[in-house]
Amino acid sequence: MTRNSLPIRLGTNSRALGLLCIVALTAGTARAQTQVEPETALRMLNAQQQQFEKGVVQVADNVFTAVGFHGANTSMIVGTDGVIIIDTLFGPASATDAAEAFRQYSDKPVKAILYTHSHGDHIGGASAFVGDQQPDIYATERFGSAEGVNKAVDPIKLARNVRQFGRKLSPAESTNRGVAPAGTKDNDRGEGFLPPTVTVPNDGLKTTIAGVEIEIHISPGETDDAMFIWLPKEKVLFAGDNFYSSFPNLYAIRGTAYRDVLDWSESVGKMAALKPHAVVPGHTMPIKGQQAATTALKDYSEAIRSVYDQTVRGINAGKGPDQLAHEVKLPEHLKDKPYLIQFYGSVPHAVRAIYSGLLGWYDGNPTTLNPLEPKLKAQKMSELAGGTQKLTEQMQSALTKQDYQWALELADHVKWLDDADRKLARKVKIEALRGLAAREYNAPNRNYYLSYANELESGQLSELWF
Ligand SMILES: [Zn+2]
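Residue indices follow the written sequence of each chain, beginning from 1 at its first position. With pLDDT at 70 or above as the cut-off, local features in this predicted model cover only qualifying residues; side-chain atom pairs require 80 or more to be listed or tallied, and sums for whole chains, interfaces and linings still use all residues.

**Some points on the overall build of the protein chain**
1) Next: Broken down by element type, the protein chain carries 16 helices and 14 strands.
2) Next: On the principal axes, the C-alpha backbone points of the protein chain span a range of 80 × 45 × 45 Å.
3) Next: Three exposure classes are used, all based on how many other C-beta atoms lie within 10 Å of a residue's own C-beta (placed from the backbone): buried at 20 or more, exposed at 12 or fewer, and partly exposed between those limits. Burial analysis of the protein chain (466 residues in total) assigns 47% to the buried set. Strands are runs of DSSP state E lasting at least two residues, helices are runs of H or I lasting at least four, and both sets are numbered from the N terminus onward.

**Notes on the domain arrangement of the protein chain**
1) Next: Delimitation of the domains relies on an automatic or database domain assignment. Partitioning the protein chain into structural domains gives domain 1 (3-321) and domain 2 (372-465).
2) Next: Between domain 1 and domain 2, the C-alpha centre-to-centre distance is 36 Å.
3) Next: Contact criterion: two residues are in contact if their C-beta atoms, reconstructed from the backbone, are within 7 Å. In this assembly, 21 residues from domain 1 lie in contact with 14 residues from domain 2.
4) Next: Class assignment for the residues of the side of domain 1 that touches domain 2 results in nine nonpolar, seven polar and five charged. For this classification, the nonpolar set comprises Ala, Val, Leu, Ile, Met, Phe, Trp, Tyr, Cys and Pro, the charged set comprises Asp, Glu, Lys and Arg, and every other residue, Gly included, is treated as polar.

**What to know about the packing of helix α12 (residues 374-385) against helix α13 (residues 388-400)**
1) Next: Interaxial angle, 0 to 180 degrees, is taken between N-to-C directions of lines fitted to C-alpha atoms, where a helix line uses only the stretch in contact. Closest axis-to-axis distance for the α12/α13 pair is 7 Å, and the angle between their directions is 90 degrees. For the element pair α12 / α13, the angle class is roughly perpendicular. Contacts from Met 381, Ser 382 and Ala 385 in α12 reach Thr 388, Lys 390, Leu 391 and Gln 394 in α13.
2) Next: In terms of residue class, the contact of α12 with α13 is built from three nonpolar, three polar and one charged. Oblique is the label for every angle not falling under 35 degrees (roughly parallel), over 145 degrees (roughly antiparallel), or within 65 to 115 degrees (roughly perpendicular).

**Details of the sheet that holds strand β14 (residues 287-288)**
1) Next: Whether two strands pair comes down to DSSP finding at least two bridges between them. Across the sheet, six strands lie side by side as β9-β10-β11-β12-β13-β14; this open sheet has mixed pairing. At either end of the open sheet lies a strand with only one pairing partner, and these are β9 (205-209) and β14.
2) Next: Where strand β13 (residues 278-281) and β14 come together, two bridges link them in antiparallel fashion. Across the sheet, Ala 278 pairs through a bridge with Lys 288, a residue of β14.

**Focus: the environment of Asn 442**
1) Next: Structurally, the position occupied by Asn 442 is in the loop between α15 (422-439) and α16 (443-457).
2) Next: The exposure class assigned to Asn 442 is buried, which follows from the 29 C-beta atoms found within 10 Å.
3) Next: Here the alpha-carbon distance between Asn 442 and Gly 124, two residues 318 residues apart in the chain, equals 27 Å.
4) Next: Those residues in contact with Asn 442 that sit more than four places away from it in its chain are Thr 34, Gln 342, Phe 343 and Ser 346.

**Details of unusual backbone geometry**
1) Next: Unlike most non-glycine residues, Lys 275 shows phi in positive territory, near 50 degrees.
2) Next: Assignment of secondary structure puts Lys 275 in the loop between α8 (261-273) and β13.
3) Next: Judged by the 14 C-beta atoms lying within 10 Å of it, Lys 275 is partly exposed.
4) Next: If you check the backbone angles, Gln 402 has positive phi at about 60 degrees while not being a glycine.
5) Next: Mapping Gln 402 onto the fold places it in the loop between α13 and α14 (404-414).

**Looking at helix α11 (residues 347-359)**
1) Next: What a helix should span is 1.5 Å times the count of its residues minus one. Relative to the 18 Å expected for 13 residues at 1.5 Å per residue, α11 spans 18 Å between its end C-alpha atoms, a close match to the ideal helical length.
2) Next: Turning to α11, its buried residues are Val 347, Pro 348, His 349, Ala 350, Val 351, Ala 353, Ile 354 and Tyr 355.
3) Next: Lining the buried residues of α11 we find α8, α9 (290-316) and α10 (321-327).
4) Next: Once α11 finishes, Gly 360 follows within two positions and takes phi at roughly 80 degrees, a positive value.

**What to know about the packing of α9 against α11**
1) Next: One can describe the packing of α9 onto α11 by two numbers: an axis separation of 10 Å at closest approach and a directional angle of 55 degrees. With respect to α11, the element α9 is oriented oblique. Judged by the twist between their axes, the crossing of α9 over α11 is right-handed. Contacts between α9 and α11 pair Val 307, Tyr 308, Thr 311 and Ile 315 from the former with Val 347, Ala 350, Val 351, Ile 354, Tyr 355, Leu 358 and Leu 359 from the latter.
2) Next: Of the residues that constitute the contact of α9 with α11, the class distribution is ten nonpolar, one polar and no charged. By convention the crossing between two helices is left-handed if the near helix lies anticlockwise of the far one by an angle smaller than a right angle, and right-handed if it lies clockwise.

**Quick notes on the pairing of strand β12 (residues 236-240)**
1) Next: Within β12, five of the five residues are buried, which leaves it mostly tucked inside the rest of the structure.
2) Next: Neither face of β12 is open: one carries Val 236, Phe 238 and Gly 240, the other Leu 237 and Ala 239, and all of them are buried.
3) Next: Both strand β11 (residues 227-231) and β12 contribute to a ladder of three bridges, which runs antiparallel. Within β12, the residue paired with Ile 229 across the bridge is Phe 238.

**Remarks on the confidence of the model for the protein chain**
1) Next: When the pLDDT values of the protein chain are averaged, the result is 92; 92% of them are 70 or greater.
2) Next: pLDDT is defined as a per-residue confidence score from the predictor, taking values between 0 and 100. Between residues 1-30, whose pLDDT stays under 50, and residues either more than four places distant or in other chains, the model counts 46 contacts.

**With respect to the pairing of strand β4 (residues 74-78)**
1) Next: Of all five residues that make up β4, four are buried, and the element is covered over most of its length.
2) Next: Looking at chain direction, strand β3 (residues 63-67) and β4 are connected through four bridges and run antiparallel. What sits directly across from Val 63, in β4, is Ile 77.
3) Next: If you look at the hairpin formed by β3 and β4, you'll find six residues sitting between the two strands, and Gly 68 has a positive phi there, around 80 degrees.
4) Next: The pairing of β4 with strand β5 (residues 83-86) spans four bridges and is classified as antiparallel. Paired with Ile 77 across the strands is Ile 84, a residue of β5.
5) Next: Adjacent in sequence and paired antiparallel, β4 and β5 are bridged by four residues.

Here's what the structure looks like:
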């Protein structure tokens, strides 16, 4: 398919995907929430792929969204004497590709660019859309604040980012990134970024650009600099990354500051209250039709709120994060909705994030105030097992029984023991990680397990890291 002949698609068949997932999920109840049989995990991830298949979707008469040109979406609203671009992808290469595709539908000049938030996959390609024009560029007052919070730990965040997105996985190991395709070209990150020129005030903004009425609403969630865009006439809503087809990434395993879960739920609730006729997510396919779009947003807000409320109730009942991460579940009537399957975000990880976000690291149990150092604990585990040889046998036996999580936990003890076969422990850990990865339909978990296994195998990680 050439760039100029990209078809207009009419939206996603999300119902078919939902039914598939309902069938698939029942198989994995005995395991972690996002683990099922390997063939099922793969089938689910392959089905999710249709959410970011490359093409331009016509959302309304004058609204077009380019999906799958990079990790995120970019949209064009056609006005009387110009167009408005919402989000600009990752860098000039992917943005040029999308801009060319948009030109099939309008070659009017770009009058404005709106950044829904400051994450790199939404802002890096602006220059490719504008040519030599100078459009107004809108963003919130807090634009960029999310990136600056924990700069001190950038080196490890980068290493973890590579794992979460599976950036170094082979084509055979790659599936996707949950709400984005794998294998995006990332070497021009941010090279087309143009800084904002118009600050959206904290109580929002109503304006008309190129004859199009536009409302901008402040909407903290994935980042605290987020905004959503509402076209009152067309009744189209651009949600940024506070909504996409997956349970939301309330915590990112690459490492993030606390994302305010309550704010996130409220922001999506405000979107639902507008009863949009179409919602354009920051990633994945637009959802069209008032009933479908409004229900999706309402459900999404409720799902986030439910995870938050269950966690808070558990915390106040004196439960710790390890227990709550296993207990908190999506409500029965929401868990199989196609836009709430845990392809990207994970309920157990969200629970842990809410716990530490509200209370910090301490779980309230005096045993964990000063736990044994790992090496001493490993020695005591070895004694308990009847010696290092016996502990090693237990580790191997767990792997043979495909009790992968237990194999990992035992390998993490064995690695500390001076009289242990550490090479064997490393090998067991690699195999257990690959076993877990095969069962995961949560893409960040799957990618992280596989990437870490490869790093262990290549000797990239020191003894202490395995
Ligand atoms: Zn994004």
